[in-house]
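This is what each chain is made of:
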Amino acid sequence: VEVPVLGVVENMAYFAVPGSDEKRYIFGQGGARRLADEMSTAFLGEIPLMEEICAGVDSGAPALTKPDSIEAKPFFGLAQKVWERVQES
């Protein structure tokens, strides 16, 4: 369909342990970065597996409805990187 690829995002990149800064890479680590390198495109970031994100989606209140929350931070970071890539193209 000839849609330009802006970059690669790793969803469920790691499990964010509640109440700590610990990250558990339960599905492995670095796969999206390697893919971005292989495709010669940008790595845009990681979206963690967080209980708050899952609960919000299930209840119809995604993370971005609480912009100051910890679970919204990776999405706003991703949006910023996507915007930067759009401006470059």
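Remember, it's a predicted structure, so these values are computed and weren't measured experimentally.

Caption draft 1: A look at the side chain of Glu71. Counting through the fold element by element, Glu71 comes out in the loop between helix H2 (51–59) and helix H3 (73–88). Using a relative accessible area of 6% as the deciding quantity, one classes Glu71 as buried. Within the structure, the side chain of Glu71 is placed 3.1 Å from the side chain of Lys66, a separation counted as a polar contact. For Glu71, the residues in contact, after removing those within four places along its chain, are Met50, Glu52, Ile53, Ala63 and Lys66.

Caption draft 2: Just the layout of surface pockets, in detail. Computed from the structure, the largest pocket encloses a volume of approximately 400 Å³. Around the largest pocket sit 17 residues that line it, and Tyr14, Ala16, Pro48, Met50 and Ile70 are the ones nearest its centre. Tallied by class, the residues present in the lining of the largest pocket amount to eight nonpolar, two polar and seven charged.

Caption draft 3: Spotlight on the environment of Cys54. You can see Cys54 is positioned in helix H2. Between the alpha carbons of Cys54 and Gly31 there is a distance of 22 Å; along the sequence they are 23 residues apart.

Caption draft 4: Structural view of the pairing of strand S1 (residues 8–16). When S1 meets strand S3 (residues 43–49), the two strands line up parallel, connected through five bridges. In the sheet register, Val9 faces S3, and the bridge partner there is Gly45. Two strands pair when backbone bridges link them, and S1 and strand S2 (residues 23–24) are joined in this way by two bridges, in the antiparallel orientation. Opposite Ala16, over in S2, you have Lys23 as the bridge partner. Here S1 folds back onto S2 in antiparallel fashion, the turn holding six residues, of which Gly19 has a positive phi close to 80 degrees.

Caption draft 5: A look at the pattern of salt bridges. Inspection of the entire model under this criterion finds three salt bridges. Across the pair Arg24 and Glu22 runs a salt bridge whose closest N-O atoms are separated by 3.0 Å. Here Arg24 falls in the partly exposed class, since its relative accessible area comes to 41%. The partly exposed category is assigned to Glu22, whose relative accessible area is 38%.

Caption draft 6: Quick look at the side chain of Glu10. Take Glu10: it is sitting in strand S1. Nearest to the buried, unbridged Glu10 among oppositely charged side chains is Arg33, at 6.4 Å. Ignoring any residue separated from it by four or fewer positions in sequence, one finds Glu10 in contact with Gly28, Gly30, Gly31, Ala32, Phe43, Gly45, Glu46 and Ile47.

Cut-offs applied
Residues numbered from 1 in each chain as written. Predicted model: local features only at pLDDT ≥ 70, side-chain atom pairs only at ≥ 80, totals over all residues. Heavy atoms only, no water. Helix = DSSP H or I, 4+ residues; strand = E, 2+ residues; numbered from the N terminus. Buried < 20%, exposed > 50% of the residue type's maximum accessible area, 1.4 Å probe, protein only. Polar contact = N/O pair within 3.5 Å; in protein donor to acceptor, adjacent residues only side chain to side chain. Contact = heavy atoms within 4.5 Å. 1 Å grid on protein atoms, 1.4 Å probe; cavity = no way out; pocket = protein on both sides within 12 Å on 5 of 7 lines; lining within 4 Å. Points joined across faces, edges and corners; volume = space filled by probe spheres on them. Nonpolar A, V, L, I, M, F, W, Y, C, P; charged D, E, K, R; others polar. Pairing = 2+ DSSP bridges. Salt bridge = Lys/Arg side-chain N within 4 Å of Asp/Glu carboxyl O. Lys, Arg positive; Asp, Glu negative; His and termini not counted.

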